[in-house]
Amino acid sequence: MNQTDRENLYKLFRDHGDVLGFVRTTVVALKSFMESIRLLKCTTSEIMPLIFDLIQVIRCSEPKIIPLIHLIEQFETEIQTSADQDIDTIKAQAIQILQQKIDMYQSNVQRVTEHGAQCLKDGDTVVVHMASSVVTNILLKAMETRDISFKVIILQQNLVRAKQLINALSKADIEHVIVPVYNLSHYLEGSNKLLIGAVTVTEDRKIVAPVGTASIVSLCHANNVDVYLFANTLHFSHHGSTTQQIHCELQNMNFEDCAYSMVTYSHDLVNLDMIDHVITEDGEMGKISQSRYLL
Amino acid sequence: MEGALLPIVVFIIVYIALTFELVNKAVAALLGVMVLLALHVVSEHEAASFIDFETIMLLLGMMSIVAILRKSGFFSLLSVKIAELTQGNPLKILILFSIVTAVLSAFLDNVTTVLIIIPIIIELTAGMGLDPKLYVISQAIISNVGGTATLIGDPPNIIIGSKVGLTFNQFIINLIIPVAISFVATLFYLWLTNRDKFKPINNDLGKLFSVQLLLEKIRNEFLNIKIDKLFLGKSLACLGIAILLFVTQTITHLSPGVVAVLMAMVLFVITGVDVEHMLEEIEWSTLLFFTGLFILVGVLEEKGVIEWIAHNVFMRIGDNPYLMVLTVLWVSGIVSGFLDNIPFTITMIPIVRLMLEQTPIPNNILWWALALGACFGGNFTYIGASANIVSIGMAKQSGVNISFLEFMKTSVLITIITLIVASIFLMMYLWWSL
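1. Some words on the overall build of chain B
Here's step 1: Regarding its fold elements, chain B presents 22 helices and 0 strands.
Here's step 2: On C-alpha atoms alone, chain B measures out to a radius of gyration of 22 Å, which is about the 22 Å that the 2.2 N^0.38 rule sets for 434 residues.
Here's step 3: Here chain B, with 434 residues, has 58% of them falling under the buried criterion.
Here's step 4: Within chain B, residue pairs in contact and separated by at least 24 positions form 80% of the contacts whose partners lie at least 6 positions apart.

2. Considering the overall build of chain A
Here's step 1: Scanning chain A from terminus to terminus reveals 9 helices and 12 strands.
Here's step 2: The C-alpha atoms of chain A give a radius of gyration of 20 Å, which matches the 19 Å a tight globule of 295 residues would have.
Here's step 3: Across its three principal axes, chain A shows a C-alpha extent of roughly 65 × 55 × 40 Å.
Here's step 4: Per-residue burial over chain A gives 52% buried out of 295 residues.
Here's step 5: In chain A, the proportion of contacts linking residues at least 24 apart, taken out of those at least 6 apart, comes to 76%.
Here's step 6: Only carbon and sulfur atoms are counted for the fraction: they give 50% of the accessible area of chain A, which is about 13400 Å².

3. Some points on the sheet that holds strand β4 (residues 193-197) of chain A
All names here are of chain A.
Here's step 1: Read across the sheet, 7 strands follow the order β3-β2-β1-β4-β7-β11-β12 without closing on themselves; strand pairing throughout is mixed. Each edge of the sheet is formed by a strand with only one pairing partner; in this case those strands are β3 (175-180) and β12 (283-285). Direction aside, the axes of adjacent strands within the sheet are offset by 30° on average.
Here's step 2: For strand β11 (residues 277-280) and β12, the ladder comprises 3 bridges, and the chain directions are antiparallel. When the bridges of β12 are listed, T280 appears paired with G283.

4. Observations regarding the sheet that holds strand β6 (residues 206-210) of chain A
Residues and elements named next belong to chain A.
Here's step 1: The sheet built from 3 strands is open, its strands ordered β5-β6-β10 with antiparallel pairing. Of all the strands in the sheet, just β5 (200-201) and β10 (267-271) have a single pairing partner and so form its edges.
Here's step 2: Taken strand by strand, helix α8 (residues 213-222) contacts β6 and β10, and its axis lies near 30° from that of β10.

5. A word on a negative patch on the surface
Residues and elements named next belong to chain B.
Here's step 1: On the surface, a cluster of negative charge is contributed by D274, E276, E280 and E281.
Here's step 2: By secondary structure assignment, the location of E280 is in helix α15 (residues 275-280).
Here's step 3: By relative accessible area, which is 63% here, E280 ends up exposed.

6. Remarks on the pairing of strand β2 (residues 151-156) of chain A
All names here are of chain A.
Here's step 1: Of the strand pairs in this sheet, strand β1 (residues 125-129) and β2 are connected by 5 bridges, and their pairing is parallel. By the bridge assignment for β2, T125 is matched with K151.
Here's step 2: What joins β1 to β2 is helix α6 (residues 133-145), and the crossover it makes is right-handed.
Here's step 3: The sheet contact formed by β2 and β3 spans 6 bridges and is parallel.

7. Re the domain arrangement of chain A
All names here are of chain A.
Here's step 1: In terms of domains, chain A is made up of domain 1 (3-111) and domain 2 (117-294).
Here's step 2: The partner domain 2 presents 25 residues to the 26 residues of domain 1 that form the contact.
Here's step 3: Buried area between domain 1 and domain 2, both sides added, is near 2200 Å², and the carbon and sulfur share of it is 57%.
Here's step 4: The tally of links from domain 1 across to domain 2 stands at 1 salt bridge.
Here's step 5: A salt bridge links D282 to R111; its shortest N-O distance comes to 3.1 Å.
Here's step 6: At the boundary of domain 1 with domain 2, the tally comes to 12 residue pairs in polar contact (both at pLDDT 80 or more).
Here's step 7: It is helix α5 (residues 87-117) that contributes the most residues to the side of domain 1 that touches domain 2, 6 residues altogether.

8. Here we look at α6(A)
Here's step 1: The terminal C-alpha atoms of α6(A), which comprises 13 residues, lie 18 Å apart, in line with the 18 Å expected from a rise of 1.5 Å per residue.
Here's step 2: Residues of α6(A) that are buried include every one of A:S133, A:V134, A:V135, A:T136, A:I138, A:L139 and A:A142, and no others.

9. As for the confidence of the model for chain B
Here's step 1: When pLDDT is averaged across chain B, the result is 89; 99% of the residues are at 70 or more.
Here's step 2: Reported for the predicted complex are a pTM of 0.79 and an ipTM of 0.89.

Cut-offs used in this document
Residues numbered from 1 in each chain as written. Chains lettered and ligands numbered in written order. Predicted model: local features only at pLDDT ≥ 70, side-chain atom pairs only at ≥ 80, totals over all residues. Heavy atoms only, no water. Helix = DSSP H or I, 4+ residues; strand = E, 2+ residues; numbered from the N terminus. Rg over C-alpha atoms; globule rule 2.2 N^0.38 Å. Buried < 20%, exposed > 50% of the residue type's maximum accessible area, 1.4 Å probe, protein only. Contact = heavy atoms within 4.5 Å. Areas by Shrake-Rupley, 256 points an atom, 1.4 Å probe, with all protein chains shown as cover. Pairing = 2+ DSSP bridges. Axes fitted to C-alpha atoms, helices over the stretch in contact; angles between N-to-C directions. Patch = residues over 30% accessible without salt bridge, like charges linked within 9 Å, V, L, I, M, F, W, Y side chains within 5 Å. Salt bridge = Lys/Arg side-chain N within 4 Å of Asp/Glu carboxyl O. Lys, Arg positive; Asp, Glu negative; His and termini not counted. Charge placed at Lys NZ, Arg CZ, Asp CG, Glu CD. Right-handed = clockwise from strand over helix to strand, strands pointing away. Domains from an automatic or database assignment. Buried area = accessible area lost by both parts, 1.4 Å probe. Polar contact = N/O pair within 3.5 Å; in protein donor to acceptor, adjacent residues only side chain to side chain. Expected span 1.5 Å × (residues − 1). pLDDT = per-residue confidence, 0-100.

Structure follows, in C-alpha cells:
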C-alpha cells in the first residue's frame, strides 16, 4: 500500500472514530477485513503476504487503535496455521477467525456495559462527553434494568455524536440537558460523575481519548466529580503514550487579514491518575490490577 | 423592424450579463424587461402575454416534486445503494453512477441530479485514492446527455415542448435512440481514454479493505436521516403518477405543466410537509429568469427582429432539408456551449418556426435538431450548462479544482461525438421520412 493510500485509510479510521467511537470502529474494521477477504481474487501463494501486509498497515494507524491491533495480531497468529491450505480454505478460515474476534470483543464490551450500569445510582447527575457506544449503552442499560432515576448532562462538541446520544436518551426517556462543552463549569456543582471511554490505556498510565477529554477530566477531577473510564482490557497497550502515533496536522488558517499555521492533534492524552474508577469487563479495576496490566 | 433598435440593444446587454455572470440571471432578464416597460417599448399587458405559462408551470411543478423527493431521503438511499453495488470497482463506479445520473436527469432536472450524485462520487473516489475529476466531469456530461431524452429532462426541451406543443411521448420516442447511443459512446470514449484508471481492485486487499470502510462511512454520512417509508412511498407514487400522466397526455389531454403542478399540490397535501419550508427550496430566480426571457424574446419577435434573423441568417442556407437540419443542430450545439442554452432556445423557437413555414420538414425533425443541439451543446464548456457549473462548484467545495480547460479537454470531443451521433440519426430519420 503506498503512502497516499495509507494516509487515506488512517483518515478513514479517524473519521469513523469521530462518528462512531473506536469501539464500533474496531468492529467495523474487522467486518471490513472479512468482507475484503471474501471479495479478494488472488492465488494461494499471494493471499498470506497480502493479509500480512494489511495487518502491518493497520498496526501503524494514526492513532494506533489498540483493541483492533490486539485482535488483528491474534488473527495473524491463528491464520498462520492455515497457510499451507488452498485459497478457499484460507479465506474461509480467515473469515471464521475474524468473526470469532468480533464476537469476543463484543462480549467484552457487553460485560463492560453491564458492570458500567451498576456504577450509576439513584439521583445521579452524570456528565457525558463524546459519548461512545459503550457509555450510551451503559446509560440505557441502567435505565432499563435498574429502578433508578438520573440526569445526564451532554457536553456538545461533535454534533453527530451529540445527536446520536440525544436520540438514544430521548427514546429511553432519560432526562438530559445539552450544554456547550465550554459551559461545563456552570454544571460542576450539581454533577457527581463523569463517564468517558478511551481508544487506549497506555503502559505509562495515560489514556488516548477524543479531543477535549483532557480539559474536561481535569476540571471534573479538580471539582471532585468522580471520573469513570469504561474500557475493556483489549484497550490496554503494552507501550507508552509516545508510541501511540496520535495524528498531528499542520493546518493553514486564514482569518480576515491574518494567515497562520495551526498544529492540531487528533486525540488527547489524559493522565490515568485523574481517573477515579476504571471499569473493565471484569468489573472495577483497582490500582494494583492496573499496575499489573500497565507498568 | 421599426422601433427594434432599443429591444436589440437591451437584449444584447442582457445576453452579455448572462454570459459573463455580471449579475444574477433573473435580475438581468427582469431589468431588461423593466427598461423596455419604462421606455414604453411594450405595455405591461403585452409583456404578460409573451410569458409561456405552460413552461413556468411545468418547472414549478417539477421543482416542487423534486424538493419533496429530496426530503424523503430517496436520493440518498439510491446513491448509497449504487455506491454499495460498485464495491469500489472504478469501472463499475463510472458505469453504474452514469446510468443513475442519465435516468434521473431524464425525469428530474439536471442540477438536482448532480447535486445528489456529485458529493457521493467525490467521497467514494477520493476516499479510494482515485482522481475524482474524471468522475465529476463525466457525471456532469452524462446528466446533460440523459436529460435530452425527455420533455422534462432539460430546460430547452421543456421550452420546445411547451411552445411547440410536442408531447412527452413524442420526445422520448424520437430522442431515446440518439441519446442512448450518445450515452454509450460517451462511456466508451471515457473508458478508452482513461483505461489505466479503470483497473479492477479485487486483487488488492488493502484497497478492498479501504473501500469497505469507505462504504460504511458513506452509509453513516448519507443515510443519517430517518427514512419515513410512508412519506417516501407517497412521494414516489406521485412521481410515478406524474410520469404516467405525461405518457398518456394524448388520452387525458392534460398538459405537462398542469400534471406537474397538480401532482405537486397533491404531494403537499398528502405528505403534510411544511409548505413554507418547501417553497424555499424552489428556484424562484430560475422561474423569474424564464419569465423575463420570454418577454424579451417576445418583444424582439413582435418588432420583427426574429423574422429578420431567420430570413437573413438561417434561411440563406436554402431549402435543402438536410442542410437545414444540420445547420440548426450544429449552430445550436456550438452556441449552447458558450451561451446559456435557455435564452438561446427561446430565441431559436420563432426562427425555426419561420424556417418550417418556408420549407416544411416532416416528423418535427427540425425541432429534434434544436433539442439535441441545445442539450448536447451544453457540454462543450463548463459554462454551457447549469449542471456543469454546479458540478464544478461542488467539486471545488470538496477541494477538487477543475479548470475551464481541464473540463474542455474531456468535454469537447465528447460533445463532437454526441453531435455526430445526433447528425447521423437525424439524417437517417429525414431520409426515411422524405
